Amino acid sequence: QVQLVESGGGLVQAGDSLRLSCAASGRAFNEYTMGWFRQAPGKEREFVTAISWSGGTTYYADSAKGRFTISRDNAKNTVYLQMNSLKPEDTAVYYCAASYMSSPLRSKYDYRYWGQGTQVTVSS
């Protein structure tokens, strides 16, 4: 099995930047697709971005495209989410997830392993 631990969330002002990290353990990190999802109060968990096994291919939700960047460092068993130009509507709990299927994976049902989530709050 895989254990995932997110970090880097916090309270920021609109327009600020934030970088989330997800540390993985328990499996060969370079063999699975990694994704980021988010869930706001009263809403369904939604896809944000995903990155392929090699890191050569990335996919973004329309809400994240142009502002967010996903990357991975397989040597450190870590995936990152760089978030720029944050908006109040980005406020949510952010979760990282792992899948042994190949990307693009945009559904939460495609991911078997999940972290505990980290809160991101953006004030206006």
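So, how was this worked out
Residues numbered from 1 in each chain as written. Predicted model: local features only at pLDDT ≥ 70, side-chain atom pairs only at ≥ 80, totals over all residues. Heavy atoms only, no water. Helix = DSSP H or I, 4+ residues; strand = E, 2+ residues; numbered from the N terminus. Rg over C-alpha atoms; globule rule 2.2 N^0.38 Å. Buried < 20%, exposed > 50% of the residue type's maximum accessible area, 1.4 Å probe, protein only. Contact = heavy atoms within 4.5 Å. Areas by Shrake-Rupley, 256 points an atom, 1.4 Å probe, with all protein chains shown as cover. Lys, Arg positive; Asp, Glu negative; His and termini not counted. Charge placed at Lys NZ, Arg CZ, Asp CG, Glu CD. Disulfide = S-S within 2.5 Å. Pairing = 2+ DSSP bridges. Axes fitted to C-alpha atoms, helices over the stretch in contact; angles between N-to-C directions. Phe/Tyr/Trp six-rings, centres within 6.5 Å; stacked < 30°, edge-to-face > 60°. Lys NZ or Arg CZ within 6 Å of the ring centre and 35° of its normal.

A few words on the overall build of the protein. Counting its regular elements, the protein contains 0 helices and 11 strands. When its helices and strands are written in sequence order, the protein yields β-β-β-β-β-β-β-β-β-β-β. Since a compact globule built from 124 residues should have a radius of gyration of about 14 Å, the 13 Å found for the protein is in line with a globular shape. The burial tally for the protein puts 44% of its 124 residues in the buried class. Here the contacts in the protein between residues at least 6 apart in sequence split such that 59% fall between residues at least 24 apart. With the model as given, the accessible surface of the protein reaches about 6,200 Å², and the carbon-plus-sulfur share is 46%. Computed over 13 positive and 10 negative side-chain charges, the separation of the two mean positions in the protein equals 3 Å.

On to the state of the cysteines. Counted according to the given criterion, the structure contains 1 disulfide. Between the sulfur of C22 and that of C96 lies a disulfide, 1.9 Å long from S to S. When the S-S torsion is 50°, as for the bridge of C22 with C96, the disulfide is right-handed. Taken as a pair, C22 in strand β3 (residues 18-25) and C96 in strand β9 (residues 92-99) lie far apart in primary sequence, 74 residues in all.

This paragraph deals with the sheet that holds strand β1 (residues 3-7). Overall, antiparallel pairing links the 4 strands, which are arranged β1-β3-β8-β7 in an open sheet. The outermost strands of the open sheet, each flanked by one partner alone, are β1 and β7 (68-73). For this sheet, the mean angle separating the axes of adjacent strands, direction not counted, is 15°. Direction of pairing for β3 relative to strand β8 (residues 78-83): antiparallel, over a ladder of 6 bridges. Along β8, the bridge assignment pairs S21 with Y80.

One face of the sheet, then the other: side chains in a regular strand alternate in exactly this way. Counting buried positions over the 6 residues of β8 gives 5, a clear majority of the element. Across 6 bridges, the pairing between β7 and β8 is antiparallel. Directly across from F68, in β8, lies its bridge partner M83.

Within this structure, the stated rule accounts for 6 aromatic pairs. Its guanidinium or amino end placed over the ring of W114, R45 lies 4.9 Å from that ring's centre, counting from NZ or CZ.

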